[in-house]
Amino acid sequence: GGNYADPMHGAGKRLPKDFLRADPVWLKEDGRWTLRFDNGSYLVLPQEALPHGSEFTLSFEIKPDDADKYVLLRTRDVGGEDCGLDLTVKGGTLHVSHCGVSMWSMPDFDTGLRVNAKAWNAITVVKALDRIVCTVNGKARSFAYDRRARLFSGSVFGGNVAPGKNDPEDMKPFNGFLRTLRIVHAKERK
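Quick caveat, the model's predicted, so the values are computed rather than measured.

A. Molecular detail of the overall build of the protein chain. Looking only at helices and strands, the protein chain has 0 helices and 14 strands in total. The order of α-helices and β-strands along the protein chain, N terminus first, is β-β-β-β-β-β-β-β-β-β-β-β-β-β. Counting all 190 residues of the protein chain, 48% fall into the buried class. For the protein chain, the proportion of contacts with a sequence separation of at least 24, taken over those separated by at least 6, is 64%. Carbon together with sulfur atoms contributes 51% to the accessible area of the protein chain, which is approximately 8,900 Å² in total.

Below is the structure:
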């Protein structure tokens, strides 16, 4: 993920000093197989995973080690700029940004939805054509947003801590467990 034109390009120098391995480790947690992220490990999603200009639904469950200032998912281009979906936790709540075509300043939407440390959290992000809807542990918030992603690029779950428009210098990588990562190229109907 750190070669030229990959979504971690230029972010490697920001990884923690105790960074050991890029890939998360498969472990059983609470009786189920999970991916364990530590000290900057990350999962690269190919550019086809999150659509550029159509609706999608992203859902996953995490059990984070702590509750503040970490990156969950970022979509970045070769120049090291955010160019699509950006999910972070700041002050214990989920923040969502999306960099769109003709809108270079990304919104930083604080959902106000608490992500609990040392507990499983179910998170869903629905990118519809006219809004983004976020659900954390059954509670939902939405905001109006009608832009396609600025560029068609890959995404990184967990380790991309390079500073960006909405990501300060002291952001940490996600440390904890991930399970049931699911991406549907449509707005899921319930």
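Continuing now.
B. Expanded view of the nonpolar core. Grouped together as the largest cluster of nonpolar side chains are 29 residues, with contacts concentrated most on Ile62, Leu72 and Leu87. Elements represented by at least two residues in this core include exactly strand E2 (32-37), strand E4 (56-64), strand E5 (70-76), strand E6 (82-90), strand E7 (93-98), strand E9 (121-127) and strand E10 (131-136). Tallying contributions element by element places E4 first for this core, with 4 residues. Beyond its immediate stretch of four places on either side in the chain, Leu87 contacts Leu58, Phe60, Val71, Leu72, Leu73, Leu94, His95, Val96 and Val125.

C. View of the packing of aromatic side chains. Following the criterion strictly, the structure yields 7 aromatic pairs and no others. Their ring planes at 55° and their centres at 5.4 Å tell us that Phe37 and Phe157 sit as a pair that is tilted. With Phe37 in strand E2 and Phe157 in strand E12 (residues 155-157), this residue pair connects regions lying 120 residues apart in the sequence. Using a relative accessible area of 0% as the deciding quantity, one classes Phe37 as buried. Relative accessible area serves as the criterion here: at 0%, Phe157 is assigned to the buried category. Through pairs of rings, three or more aromatic residues link up here, namely Phe37, Phe60, Tyr70, Phe157 and Phe174.

D. Just unusual backbone geometry, in detail. Despite not being glycine, Asn39 has its phi angle at roughly 50°, a positive value. We classify Asn39 as partly exposed; its relative accessible area is 29%.

E. Here's a closer look at the pattern of salt bridges. Under the counting rule described, the total for this entry stands at 8 salt bridges. As a salt-bridge pair, Asp38 and Arg36 come within 2.7 Å of each other at their nearest N and O atoms. For Arg36, the salt bridge goes to Asp65, with nearest N and O atoms at 2.6 Å. Of the two residues, Arg36 sits in strand E2 while Asp65 sits in the loop between E4 and E5, which places them 29 residues apart along the sequence. Taken together, the salt bridges that share partners define one network made up of Glu29, Asp30 and Lys63.

F. Region of the structure containing the pairing of E7. The element E7 is extensively covered by neighbouring structure, given that 6 of its 6 residues are classed as buried. Residues Thr93, His95 and Ser97 point to one face of E7 and Leu94, Val96 and His98 to the other, with burial holding for every one of them. With 3 bridges connecting them, E7 and strand E8 (residues 109-114) associate as antiparallel partners. When the sheet's bridge partners are listed, Val96 is paired in E8 with Phe109.

Thresholds, definitions, all that
- Residues numbered from 1 in each chain as written.
- Predicted model: local features only at pLDDT ≥ 70, side-chain atom pairs only at ≥ 80, totals over all residues.
- Heavy atoms only, no water.
- Helix = DSSP H or I, 4+ residues; strand = E, 2+ residues; numbered from the N terminus.
- Buried < 20%, exposed > 50% of the residue type's maximum accessible area, 1.4 Å probe, protein only.
- Contact = heavy atoms within 4.5 Å.
- Areas by Shrake-Rupley, 256 points an atom, 1.4 Å probe, with all protein chains shown as cover.
- Core = buried A, V, L, I, M, F, W, Y, C linked by side-chain atoms within 4.5 Å.
- Phe/Tyr/Trp six-rings, centres within 6.5 Å; stacked < 30°, edge-to-face > 60°.
- Salt bridge = Lys/Arg side-chain N within 4 Å of Asp/Glu carboxyl O.
- Pairing = 2+ DSSP bridges.

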